[in-house]
Amino acid sequence: MKKILRKSFFARPTLVVAHGLIGKFLVKKNGNRVEVVMITETEAYDGHKDKASHASRGETPRNRPMFGEPGRFYVYFVYGMHEILNIVTGPKGYPAAVLIRGVAGVTGPGKLTKFLKIKRTLNNKEATPENGLWFEDRGVKINKKDIRQTPRIGVSYAGSVWSKKCYRFVLKNENRK
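A brief structural summary. It should be emphasised that the depicted structure is a prediction, and the values quoted were computed from it without experimental measurement.

## Here's the deal with the pairing of strand β8 (residues 133–137)
Consecutive side chains along a regular strand alternate between the two faces of the sheet. Most of β8 is tucked away, with 5 of its 5 residues classed as buried. Side chains of β8 alternate between two faces, with Leu133, Phe135 and Asp137 and Trp134 and Glu136 buried alike. Pairing geometry for strand β2 (residues 25–30) and β8, over 4 bridges, is antiparallel. Directly across from Leu26, in β8, lies its bridge partner Phe135.

Shown next as structure tokens:
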């Protein structure tokens, strides 16, 4: 069973989507080749008040996709070397997104985008086969007990409250810390 995840899947609360993406598949068309990888790690960034979110300081040209329609990509460049992939969640106007941190066999959001050849040209595009990158439910059932919920990685700048929020979801058997 292959079912493409549409806008309605992403138009839900960010933490629900972040948890729900574990065990789903990210599909990338690169020329004649199609890469299919199971998502094993996500992080949620939820609203204006989330001090770890790019949206905490208001809307800017960079973070504008976060304020847009759910099911669109928010792809940005960090550390002068990495493209980072997020999917926008929740209702339009509420800035929220889920960072895709890892897939089976590839850990780290920068390594993931390099592996799949994801570029900023996908920024603010809808997650669809027509755009070359999308999500699928392929019927893999993940037990809730097999998903760990932990604090996000690398957000100490967000202060003692927001840096400790357990907004990271990790498939347990992926041998991560």
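## Remarks on the side chain of Glu136
Locating Glu136 in the fold gives a position in strand β8. Glu136 sits in the buried class, given a relative accessible area of 6%. Within the structure, Glu136 has its side chain in polar contact with the side chain of Trp134 (distance 2.8 Å). Those residues in contact with Glu136 that sit more than four places away from it in its chain are Lys2, Lys3, Ile4, Leu5, Lys24, Phe25 and Val27.

## What about the packing of aromatic side chains?
A complete count under the given rule lists 5 aromatic pairs for this structure. Ring geometry for Phe9 and Phe10: centres 5.1 Å apart, planes at 80°, overall edge-to-face. Here Phe10 falls in the buried class, since its relative accessible area comes to 1%. Between the aromatic rings of Tyr74 and Tyr76, the centroid separation amounts to 4.9 Å while the plane-to-plane angle is 40°, which identifies the pairing as tilted. With respect to class, Tyr74 is no different from Tyr76; both count as buried. Members of the aromatic cluster, connected to one another through ring pairs, are Phe9, Phe10, Phe73 and Phe135. Positioned over the ring face of Trp162 is Lys165, at 4.8 Å from the centre of the ring.

## Some points on the pattern of salt bridges
Working definition: two side chains of opposite charge can pair if their charged atoms are close together. Inspection of every chain in the model, using the stated rule, returns 11 salt bridges. Put simply, Asp146 and Lys145 hold a salt bridge, and the shortest N to O gap is 3.9 Å. With relative accessibility at 56%, the residue Lys145 sits in the exposed group. Overlapping salt bridges, with partners in common, bring together Glu41, Glu43, Arg101 and Arg168 in one network.

About the criteria used
- Residues numbered from 1 in each chain as written.
- Predicted model: local features only at pLDDT ≥ 70, side-chain atom pairs only at ≥ 80, totals over all residues.
- Heavy atoms only, no water.
- Buried < 20%, exposed > 50% of the residue type's maximum accessible area, 1.4 Å probe, protein only.
- Helix = DSSP H or I, 4+ residues; strand = E, 2+ residues; numbered from the N terminus.
- Pairing = 2+ DSSP bridges.
- Polar contact = N/O pair within 3.5 Å; in protein donor to acceptor, adjacent residues only side chain to side chain.
- Contact = heavy atoms within 4.5 Å.
- Phe/Tyr/Trp six-rings, centres within 6.5 Å; stacked < 30°, edge-to-face > 60°.
- Lys NZ or Arg CZ within 6 Å of the ring centre and 35° of its normal.
- Salt bridge = Lys/Arg side-chain N within 4 Å of Asp/Glu carboxyl O.

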